[in-house]
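# Fold and geometry: a report
Each chain is listed here by its residues.
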Amino acid sequence: MPAPEQRRIIFQHIDEPGYTNDIDCYLRNGGYEVLKKSVGRKPEELIDEVKKSGLRGRGGAGFPCGVKWGLVDRKSGKPIYLIVNADESEPGTFKDRYIMHQDPHQLIEGTIISCFANNVKQAYIYIRGEMPEGARILEKAIAEARAKNFVGPNILGTGYSCEIYVHRGAGAYICGEETGLIESLEGKRANPRIKPPYFPAVLGLYQCPTIVNNVETLCQVKYIADVGGDAYAKIGTPNNTGTRIFCVSGHVQRPGYYEFPAGTITMGQLLNDVCGGPLPGRTFKAVIPGGSSAKILRFGERFKGKRKVGAEMVDYDWGVEDVPMDFDSLGMIGTMGGSGGVIVMDDTVNMVEALANINAFYSHESCGQCTPCREGSLWMKKISSRMVHGDARPQDGALLKSVADQIPGRTICAFGEACSWPTQSFIAKFTDEFNNYHEAKKQPKPAAANVLV
Amino acid sequence: MNLKPETFQRIDEVITHYPVKRSATLPLLHLIQEDVGHISEEAITWIAQKLELQPINVLEVVTFYPMFRRAPIGRRHIKVCRTLSCALSGGYKTCDTFEKEFCTHRGEISPDGEVTVEFVECLASCGTAPVVMIDEILHEKVDVTKAKQLSAQIKAEAAARK
Ligand SMILES: Cc1cc2nc3c(=O)[nH]c(=O)nc-3n(C[C@H](O)[C@H](O)[C@H](O)COP(=O)(O)O)c2cc1C
Ligand code: SF4
Ligand code: FES
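Presented here is an overview of the structure given in this document. The numbers attached to residues start from 1 for each chain and follow its sequence in the written order. As a convention, the first chain written is A and the first ligand written is 1, with the rest following in written order. In view of the model being predicted, local features appear only for residues whose pLDDT reaches at least 70, and side-chain atom pairs are presented and counted only at 80 or more, with totals across whole chains, interfaces and linings using the full set of residues. Only heavy atoms go into the side-chain values, all of them from the structure, while hydrogens and water stay out.

## Considering the overall build of chain B
In this text, helices come from DSSP runs of H or I with a minimum length of four residues, and strands from runs of E with a minimum of two, each type numbered from the N-terminal end. Across its full length, chain B carries seven helices and four strands. In chain B, the succession of helices and strands from N to C terminus is α-α-α-α-β-α-α-β-β-β-α. Taken along its principal axes, the extent of the C-alpha atoms in chain B is 50 × 40 × 25 Å. The proportion of buried residues among the 162 residues of chain B is 54%. With a 1.4 Å probe rolled over the protein chains alone, any residue whose accessible area is under 20% of its type maximum counts as buried; one over 50% counts as exposed, and the rest are partly exposed.

And the structure:
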């Protein structure tokens, strides 16, 4: 079956010739009309639209946005904050930067609508430090929006006021984790907070109720406020509504970003039809479907079970190519849709070396608060990099696994899971490659192989 | 603290963005590092005073975040992405090329003082790997040839300045 057509909702104007990131261009394309419409409605109605839409967060966890908004403590009398998570630091993910650079007003409109719906008077956009240009573009866009009375005091004469400020990170991945982000925004080290009690919806920024949403999620909210929750829920598949942006990188002919209704495209269609298949003379070996912490899939493995289609339970028997790209299907086969970052590896890649690269990332980025995560991520890096650069032993795979197995469930934040899943899944699926690495490394490498660590 | 007048202005402005002064720690560190080039001992005490904190509160932030540095670096900062998608596309070769072109090693200032080459983690442009940030500009698909071109450009600019 050929791949379906892309449906660009969030990326409608990305890379469009002549489309610029200033407010005039945005207004010419119908910009801020949804905001004008929305501030005439009751905030509860807007929250209801988001609930009906089934929108799931695009930052990684896929948590229903309407449910998240429903958890906000509105009785405390404290101000409610909204934070835009623009940290975009999960390896393999590169969608939010395009939105902020090329269509910043889409994000600002979505943010203000979300603030209005939740009675938020102050929002912050937490953008990663390595995006100085993005921060400048957003600041300029906010100033433009303020000059037109879309942001700031008494928005569009409604009596409702809301300010947005841009806050820059400084190169730490853990600032993407929402409670680490909040600590960072408070001017501290980004050490994540323990939940309970520190659920952002109750005890977030300055111990006030706080909503943290990803950039793309808030753009989706703008679209939902426009078309309505019911219409939005018809896009994609039940429980996986709306479009998803896939960021494809690594060994395909046409890496890039592609937006499709969720669940309507399979991994095989995405990689072969949309991305042009493997590089000449190579074959696909493995793929990480949702950012570097998602569990890896090996081409050739099969997944069997029962799943719900409509009201019925039907059998499925999928190869990697057959898996529909949505949260639930990817979850069913033991991995996750995460942030939409699809990293592809072909037959030139040695899995021990690829894992050593990933492990170096996680050990660099652990915040260091929890012993299992700090020490575990460090030892996984030491062992895998020793295998590559020093002596490898047949028992190293088992050793790595034993370290990885002792981390998840024993840490303050989900980084513990994130850093152990690559090791666990690489070793489970490429056991032989780990057991035989000491032999394999004596052989010449494929000419096209790149150094990975 | 010796800073440009506009830096002082921006510092005072940014503090007003937050209901709690301490939140301005990262913004102040960015502004001072952009002005001076690195974060000195003096800057740490100055920020602490400005935000009514203890110097340790600022120091612990400086040491946590990779982008803040305690010492000067070369005139240009070349950050090469090290993470998986870039490595799969030859990021390590890109980094080696910059090191060779400027006779330097990762993390050190080149002998001519022109550059500091460094590995950094995923720059969120994995689809156009390998990527490199030179100062504040992102360069995409930087293979060996392009790394040599970028190096030549930096050298030409350095020669023009002299
Ligand atoms: C280690 C770690 C890193 C994360 N990095 C990001 C990130 O870079 N960007 C992001 O939007 N969410 C990231 N998240 C998810 C956030 O914690 C949070 O769930 C998300 O911002 C919620 O927004 P959403 O519901 O709109 O997806 C990360 C989570 C963890 C555990
Ligand atoms: S799991 Fe890791 S990153 Fe998360 S709080 Fe613990 S040490 Fe920090
Ligand atoms: S891996 Fe290099 S930009 Fe993401």
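Okay, back to it.
## Considerations on the sheet that holds strand 13 (residues 341-346) of chain A
Residues and elements named next belong to chain A. The sheet built from five strands is open, its strands ordered 8-7-13-9-10 with mixed pairing. At either margin of the open sheet sits one strand with a lone partner, and together these are strand 8 (256-261) and strand 10 (297-298). One ladder, built from four bridges, connects strand 7 (residues 243-250) with strand 13; its direction is parallel. Paired with Gly250 across the strands is Val344, a residue of strand 13. For two strands to count as paired, DSSP must find a minimum of two bridges between them.

## Thoughts on the site of ligand 1
All names here are of chain A. In these notes, residues near a molecule or strand are those with any non-hydrogen atom within 4 Å of it. Not every one of the 18 residues close to ligand 1 is listed here, only the nearest: Gly59, Lys68, Asn85, Asn214 and Thr217. Here a polar contact is recorded for every N or O atom pair within 3.5 Å, except that within protein the pair must consist of a potential hydrogen donor and a potential acceptor, and residues adjacent in sequence are included only if both atoms are side-chain atoms. Take Asn214: an N or O atom from its side chain is 2.8 Å from an oxygen atom of ligand 1. Throughout, the Shrake-Rupley method with a 1.4 Å probe supplies accessible areas, and for residues the shown protein chains are the sole cover considered. Across the complex, the protein chains shield 89% of the 620 Å² of accessible surface that ligand 1 would expose by itself. In terms of residues, the shell around ligand 1 owes the most to one element, strand 4 (residues 210-214), which gives three residues.

## Quick notes on the packing of helix 3 (residues 43-53) of chain A against helix 10 (residues 215-227) of chain A
Residue and element names in this part refer to chain A. Relative orientation of the contacting elements helix 3 and helix 10 amounts to 105°, with a least axis distance of 9 Å. It follows that helix 3 is roughly perpendicular to helix 10 by the angle criterion. Along the contact surface, helix 3 presents Leu46, Glu49, Val50 and Ser53, while helix 10 presents Val221, Ile224 and Ala225. For helices, the fitted axis covers only the stretch in contact; all axes are lines through C-alpha atoms, and the angles between them, taken along N-to-C directions, range from 0 to 180 degrees. An angle below 35 degrees is read as roughly parallel, one above 145 as roughly antiparallel, one from 65 to 115 as roughly perpendicular, and any other as oblique. Residues are treated as being in contact if the distance between any of their heavy atoms lies within 4.5 Å.

## Re the packing of aromatic side chains
Ring pairs are drawn from Phe, Tyr and Trp, using the six-membered ring of Trp, whenever the two centres fall within 6.5 Å, and their geometry is named by plane angle: stacked under 30 degrees, edge-to-face over 60, tilted for the rest. Evaluation of the coordinates by the stated rule reveals 21 aromatic pairs over all chains. Consider the rings of Phe116 of chain A and Tyr160 of chain A, whose centres lie 5.2 Å apart with planes at 80°: the pair is edge-to-face. Of the two residues, Phe116 of chain A sits in helix 6 (residues 104-117) while Tyr160 of chain A sits in the loop between helix 7 (132-147) and strand 3 (163-168), which places them 44 residues apart along the sequence. For Tyr160 of chain A, a relative accessible area of 9% puts it in the buried group. The ring of Trp379 of chain A has Lys382 of chain A sitting right over it, with the charged end atom 4.4 Å from the ring centre. When the NZ atom of lysine or the CZ atom of arginine is within 6 Å of a ring's centre and also within 35 degrees of its normal, the charge is said to sit over that ring. Taking NZ or CZ as reference, Lys155 of chain B lies 5.4 Å from the ring centre of Phe102 of chain B, over its face.

## Regarding the layout of surface pockets
In this analysis, the protein atoms alone were mapped onto a 1 Å grid. Cavities are point sets where a 1.4 Å probe fits without being able to get out; pockets are open sets with protein on both sides within 12 Å along at least five of seven lines; lining residues have an atom within 4 Å of a point. Grid points are joined across faces, edges and corners, and a volume is the space filled by probe spheres set on the points. Estimates place the volume of the second largest pocket at around 950 Å³. Looking at the second largest pocket, it is lined by 46 residues, and the ones nearest its centre are Pro66, Met67, Arg69, His77 and Lys79 of chain B. When residues of the lining of the second largest pocket are traced back to their parent elements, those giving at least two are helix 14 (351-365) of chain A together with helix 2 (25-36), strand 1 (76-81) and strand 2 (115-120) of chain B. Sorting elements by how many residues they give to the lining of the second largest pocket places helix 2 of chain B first, with four residues. Note on residue categories: nonpolar means Ala, Val, Leu, Ile, Met, Phe, Trp, Tyr, Cys or Pro, charged means Asp, Glu, Lys or Arg, and polar means any other residue, Gly included. The residue inventory of the lining of the second largest pocket, partitioned by class, reads 20 nonpolar, twelve polar and 14 charged.

## Looking at the pairing of strand 4 of chain A
Residues and elements named next belong to chain A. Where burial is concerned, most of strand 4 is hidden: five out of the five residues are buried. Because side chains alternate across strand 4, one face comprises the buried residues Thr210, Val212 and Asn214, and the other comprises Ile211 and Asn213, equally buried. Here five bridges tie strand 1 (residues 81-86) to strand 4, and the two strands are oriented parallel to one another. Paired with Asn85 across the strands is Asn214, a residue of strand 4.

## Examining the site of ligand 2
All names here are of chain A. Near ligand 2 there are 13 residues, and of these Cys367, Cys370, Cys373, Thr411 and Cys413 occur at the shortest range. Those molecules having more than half of their atoms within 2 Å of a cavity or pocket grid point set are described as sitting in that cavity or pocket. In this structure, ligand 2 is accommodated by the largest cavity. Broken down by class, the residue content of the shell around ligand 2 amounts to eight nonpolar, five polar and no charged.

## What about the interface of chain B and chain A?
Across the boundary between the two partners, chain B contributes 41 residues, which contact 58 residues of chain A. A simple way to read buried area is as the amount of 1.4 Å-probe accessible surface that goes missing from two parts once joined, with both sides added. With both chains or domains summed, chain B and chain A bury close to 3,900 Å², and 58% of this area falls on carbon and sulfur atoms. Considering only the side of chain B, the residues that lose the most area to chain A are Phe64, Leu84 and Leu88 of chain B, jointly responsible for 18% of the buried surface there. Salt bridge, as used here, is a side-chain nitrogen of Lys or Arg placed within 4 Å of a carboxyl oxygen of Asp or Glu. Inspection of the chain B/chain A interface yields two salt bridges. Where chain B packs against chain A, one counts 22 residue pairs in polar contact (both at pLDDT 80 or more). Among the elements of the structure, helix 2, helix 4 (55-64), helix 5 (84-88) and helix 6 (91-101) of chain B are those that each provide at least two residues to the side of chain B that touches chain A. Among the elements that take part in the side of chain B that touches chain A, helix 2 of chain B stands out by supplying five residues, more than any other.

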